[in-house]
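Coordinate inspection notes
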Amino acid sequence: MGSIEKANGLAQDTILIISPGDPRQEIIDGIQSRHPGVKIHWNSMKETPLTVEDIPQNIWDTVTILWGFHVPADAVMPNLRFVQLSSAGADHWASNPHYQDPNTVFCTSNGAHPPQIAEWVIGSWLSHQHQFLKYSNYMKEGYWEPLFQTTFQDSWGLRMGILGYGAIGRQCANLAKALGMDVVAYTARERPTPESRKDDSYCVPGTGDPDGLIPSKWFHGTTQESVNHFLDQDLDIVVICLPLTASTRNMISRQQFEILAKKKTFLSNIARGGHVNTEDLIEALEKGMIRGAAVDVTNPEPLPKEHPLWKAPNLLITPHVSWSSTNHWSRVYAIFEHNLGVLAGNKGNFVNKVDKQRHY
C-alpha cells in the first residue's frame, strides 16, 4: 500500500467519497482547485448497505484516499493510504485489513458532532425533567393539568458525570455549566496537569472546553472498579461519550445500575449501544432504579419493532440521529480538507489521527 509521502501534492491520488447525500459540486470543485490533478469519485449511499458491486472495480483498485463512514468488509483497495472517517470513532473498522495496515493513516471527524449531540443530550434531559412528553400527550387530549399538581427540578446545582471527556463530552459540559450544573469528568488516562487536560481534536469555534477548565473533578482508569468509583459520585445525570472497545462493552450493567440507584441517576447514551447491557437497562427502568434514560444508540441496532426496550418506562429512544445537523458535513469537510493539505505536503499535523489500539 502507498506511502503517505508525496512529492507532487495529490496529483497522482484518487479520492473516493462515500456519502449518504447526493454529490456536492462545491466540495468537489473546492478539493480540485486546491489540489490540481486529483481524481474524485462520489458514491451516494442511500438506505441500503453499500456492496462491493455498487462501485466499479477499477475505482476500488485505484483509490488512494477514502472519505466515508465504512466500506464493505470484502472491499479490497490495494493502493489505499489514507481514510477520513465521517464518524467520531473507528471501532467499526477494527477488524478491517486496511485498518490493521500500519501504513494506512486513519483520521476521525471528532469535533464535527459536539454542537448537535450536546443539544440532544441537554434537550432530552430537560424534556425529562420538565415532562415535555407528558404535556405533548395532554395536548392530544385537550387536557389542562391543574396548577401545582406537578413539581419540577431545575438543573442548577445538579451534577453531570461525563464518561469520556473528548470533544462531545466537553460541549456537553459547556452547556451543563450554562445551566448551573457541576461537572465531573472521566477519562481512560490520567490528566493531572493543565496541559494534559487540553483538547487536541477539531473544535467548532466558541464551543467545548478546549483547556479542560470546566470539570470540578477528574477521574480516570480502565478497570470496572474505576468506573464504579466514578459512578458513585452523587451524579444526577451520566452521559456516555466513550468509544466502544473490549473494555467498555457492557460497562453499564446491573452492578452499575445498583450504584446509580442511590441517586436515581438519569442515563444518557450517545456513544454506542454496546456500552449498556440492554436487559439490565430495561430492568433498571421498570424497577425505578434510575429516574429515566435517553438513548440515541441501542443494542441491537436498528432496534427490532417488537423489542421490549420500546416499552420501558421513562425512556426516550431516537434512531441514532443525534449527530445529524445541516452543519455537520461542512464541519467534516473542514477536517478532511485540513488533512488533505497534510497529505499534499503542507506543514502541520493530521487532525484526529486514530490511535489504532484505542480506536479513536
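These figures come from a predicted structure and were not determined experimentally.

**Quick notes on the overall build of the protein chain**
Counting its regular elements, the protein chain contains 10 helices and 12 strands. Its C-alpha atoms give the protein chain a radius of gyration of 22 Å, near enough to 21 Å, the size a compact globule of 360 residues would have. Viewed in the frame of its principal axes, the protein chain has a C-alpha envelope of about 70 × 50 × 35 Å. Within the span of the protein chain, comprising 360 residues, buried residues form 52% of the whole. In the protein chain, the share of contacts with a sequence separation of at least 24, taken over all contacts with a separation of at least 6, comes to 68%. Surface accessibility of the protein chain: about 17300 Å² in total, with carbon and sulfur atoms responsible for 53%.

**Quick word on the nonpolar core**
Soluble globular proteins tend to pack their nonpolar side chains together in the buried interior. Judged by nonpolar contacts, the single largest core of 32 residues is most densely connected at Leu163, Leu231, Phe257, Leu267, Leu281 and Ile290. Broken down by secondary-structure element, the contributors of at least two residues to this core are strand S7 (182-187), helix H7 (224-231), strand S9 (237-240), helix H8 (254-260), helix H9 (278-286), strand S11 (293-295) and strand S12 (315-317). A total of four residues in this core trace back to one element, the largest contributor, which is H9. Residues contacting leucine 231, with those up to four places away along its chain left out, are Leu163, Val238, Ile252, Gln256, Ile259 and Leu260.

**Regarding the sheet that holds strand S10 (residues 266-269)**
By way of backbone hydrogen bonds, the strands of a sheet pair with one another, either parallel or antiparallel. Pairing is parallel in the open sheet, where seven strands are placed in the order S8-S7-S6-S9-S10-S11-S12. Each of the sheet's edge strands pairs with one partner strand only, and the pair in question is strand S8 (217-220) and S12. The mean inter-strand angle of the sheet, taken between neighbouring strand axes irrespective of direction, is 15°. Bridge count between S10 and S11: three bridges; the pairing is parallel. Across the sheet, the residue bridging to asparagine 269 is valine 295, located in S11.

**Description of the environment of arginine 24**
With respect to the helices and strands, the residue arginine 24 is situated in the loop between strand S1 (14-19) and helix H1 (25-34). Residues arginine 24 and tryptophan 42 lie 18 residues apart in sequence; the distance between their C-alpha atoms is 8.8 Å. Not counting the four nearest positions on each side in its chain, arginine 24 is found in contact with Trp42 and Trp329.

**Thoughts on the UniProt feature "domain: D-isomer specific 2-hydroxyacid dehydrogenase NAD-binding" (unreviewed entry) in the protein chain**
In the numbering adopted here, UniProt assigns the feature "domain: D-isomer specific 2-hydroxyacid dehydrogenase NAD-binding" (unreviewed entry) to residues 125-194 and 224-322. As a span, residues 125-194 carries 39% helix and 16% strand, and end to end its C-alpha atoms are 30 Å apart. Along residues 224-322, the helical share is 24% and the strand share 14%, with 27 Å between the first and last C-alpha atoms.

**Quick look at the pairing of strand S3 (residues 65-68)**
Every second residue of S3 is oriented toward a common face, with Ile65 and Trp67 on one face and Leu66 and Gly68 on the other, all of them buried. Pairing of S3 with strand S4 (residues 82-85), which is carried by four bridges, proceeds in the parallel orientation. Bridge pairing links tryptophan 67 to glutamine 84 in S4.

**Notes on the sheet that holds strand S5 (residues 105-107)**
In spatial order, the strands read S2-S1-S3-S4-S5; together these five strands make up an open sheet with parallel pairing. Looking at the sheet topology across the chains shown, the edges are occupied by strand S2 (39-44) and S5. Averaged over all pairs of adjacent strands, the angle between strand axes in this sheet comes to 15°, irrespective of strand direction. Across the face of the sheet, H1 comes into contact with S1, S2 and S3 while running at roughly 160° to S2. Here helix H10 (residues 328-343) sits on the sheet and contacts S1, S3, S4 and S5; the angle it forms with S3, its principal contact strand, is near 165°.

**Side note on the packing of helix H4 (residues 114-129) against helix H6 (residues 167-178)**
Remark: H4 packs on H6, axes separated minimally by 8 Å, with the N-to-C direction vectors making an angle of 50°. What the angle tells us is that H4 and H6 run oblique. The interaxial crossing formed by H4 with H6 has right-handed handedness. Contacts between H4 and H6 pair Pro114, Pro115, Ile117, Ala118, Glu119, Val121 and Ile122 from the former with Ala167, Ile168, Gln171, Cys172, Leu175 and Ala176 from the latter. Taken together, the residues of the contact of H4 with H6 break down into 11 nonpolar, one polar and one charged.

**Describing the pattern of salt bridges**
For the coordinates displayed, the defined rule picks out 13 salt bridges. Residues glutamate 283 and arginine 254 are paired through a salt bridge, measuring 3.0 Å at the closest nitrogen-oxygen approach. With a gap of 29 residues between them, glutamate 283 in helix H9 and arginine 254 in helix H8 connect regions that are remote in the sequence. Overall, arginine 254 belongs to the partly exposed group, its relative accessible area being 41%. Each member of the salt-bridge network shares a partner with another, and the members are Asp234, Asp236, Lys263 and Arg291.

**Focus on the environment of proline 319**
Inspection of the secondary structure puts proline 319 in the loop between S12 and H10. Overall, proline 319 belongs to the exposed group, its relative accessible area being 69%. For the pair formed by proline 319 and aspartate 296, sequence separation is 23 residues and the distance between their alpha carbons is 5.8 Å.

Calculation notes
- Residues numbered from 1 in each chain as written.
- Predicted model: local features only at pLDDT ≥ 70, side-chain atom pairs only at ≥ 80, totals over all residues.
- Heavy atoms only, no water.
- Helix = DSSP H or I, 4+ residues; strand = E, 2+ residues; numbered from the N terminus.
- Rg over C-alpha atoms; globule rule 2.2 N^0.38 Å.
- Buried < 20%, exposed > 50% of the residue type's maximum accessible area, 1.4 Å probe, protein only.
- Contact = heavy atoms within 4.5 Å.
- Areas by Shrake-Rupley, 256 points an atom, 1.4 Å probe, with all protein chains shown as cover.
- Core = buried A, V, L, I, M, F, W, Y, C linked by side-chain atoms within 4.5 Å.
- Pairing = 2+ DSSP bridges.
- Axes fitted to C-alpha atoms, helices over the stretch in contact; angles between N-to-C directions.
- UniProt positions renumbered as here; feature names shortened; annotations may be inferred.
- Parallel < 35°, antiparallel > 145°, perpendicular 65-115°, else oblique.
- Left-handed = near helix turned anticlockwise from the far one by under 90°.
- Nonpolar A, V, L, I, M, F, W, Y, C, P; charged D, E, K, R; others polar.
- Salt bridge = Lys/Arg side-chain N within 4 Å of Asp/Glu carboxyl O.

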